[in-house]
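# Analysis of the macromolecular model
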Amino acid sequence: VQLQASGGGLVQAGDSLRLSCAASGRAFGSYSMGWFRQAPGMEREFVAVNTWSSGVTTYADSVKGRFTISRDNAKNTVYLQMNSLKPEDTAVYYCAASSQRLPGFLRSSRSYDYWGQGTLVTVSS
């Protein structure tokens, strides 16, 4: 599976942005799709995941209520709608695919088999 993330950019605090991650390869519907982010000098952190088997979505507390993850299996694409952006959301955002179907394991980057190249989101105050 190859992943291509896009949609990043420079926005102001309070703005919205939608990231996309297009997947190539077979069986996209059988992968849990997640988003992670990494700010300069920081470790990569979990943002959100859509679990393939149940459709359950899970979010980091820092983005809950502002970000929404969704997927379109017909288009092999997962999205991250980001609203009410804050300067602390500034980071490189990565999409990732995992064969894991238990939500409890999907907050860890170690559970993911494939990674996209990342797209930069910069939120100015």
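Going by the structure above, here's the rest.
Rules used in this analysis
- Residues numbered from 1 in each chain as written.
- Predicted model: local features only at pLDDT ≥ 70, side-chain atom pairs only at ≥ 80, totals over all residues.
- Heavy atoms only, no water.
- Pairing = 2+ DSSP bridges.
- Helix = DSSP H or I, 4+ residues; strand = E, 2+ residues; numbered from the N terminus.
- Axes fitted to C-alpha atoms, helices over the stretch in contact; angles between N-to-C directions.
- Disulfide = S-S within 2.5 Å.
- Buried < 20%, exposed > 50% of the residue type's maximum accessible area, 1.4 Å probe, protein only.
- Salt bridge = Lys/Arg side-chain N within 4 Å of Asp/Glu carboxyl O.

## Side note on the sheet that holds strand 7 (residues 67-72)
Sheet architecture is open: four strands sit in the order 1-3-8-7, paired in antiparallel fashion. The strands lining the two open edges of the sheet, one partner per strand, are strand 1 (2-6) and strand 7. Between one strand and the next, the sheet's axes are offset by a mean angle of 15 degrees, whatever the strand orientation.

## A look at the state of the cysteines
The full count for this structure, using the stated rule, is one disulfide. Each disulfide pairs two cysteine sulfurs, and for cysteine 21 the partner residue is cysteine 95, the sulfurs being separated by 2.1 Å. An S-S torsion of about 60 degrees defines the bridge between cysteine 21 and cysteine 95 as right-handed. On the criterion of sequence distance, the pair formed by cysteine 21 in strand 3 (residues 17-24) and cysteine 95 in strand 9 (residues 91-98) is long-range, its members being 74 residues apart.

## Description of unusual backbone geometry
Its identity as a non-glycine residue notwithstanding, asparagine 76 has a phi of 55 degrees, on the positive side. Along the chain, asparagine 76 turns up in the loop between strand 7 and strand 8 (77-82). For serine 84, which is not glycine, the phi torsion reads 50 degrees and is therefore positive.

## Looking at the pairing of strand 11 (residues 119-124)
Residues Thr119, Val121 and Val123 point to one face of strand 11 and are all buried, whereas Leu120, Thr122 and Ser124, pointing to the other face, are not buried. Taken together, the three bridges between strand 9 and strand 11 define a ladder with antiparallel strand orientation. The residue of strand 11 that forms the bridge with tyrosine 93 is threonine 119.

## Here we look at the pattern of salt bridges
Inspection of the entire model under this criterion finds four salt bridges. Of the charged contacts, one joins aspartate 89 and arginine 66 as a salt bridge, the two residues approaching to 2.8 Å between their closest N and O atoms. Placement of the pair is aspartate 89 in the loop between strand 8 and strand 9 and arginine 66 in the loop between strand 6 (57-59) and strand 7, with a sequence separation of 23 residues. Accessibility assignment for this pair places aspartate 89 and arginine 66 in one class, buried. A network of salt bridges, in which partner residues are shared, links Arg37, Glu45, Arg66 and Asp89.

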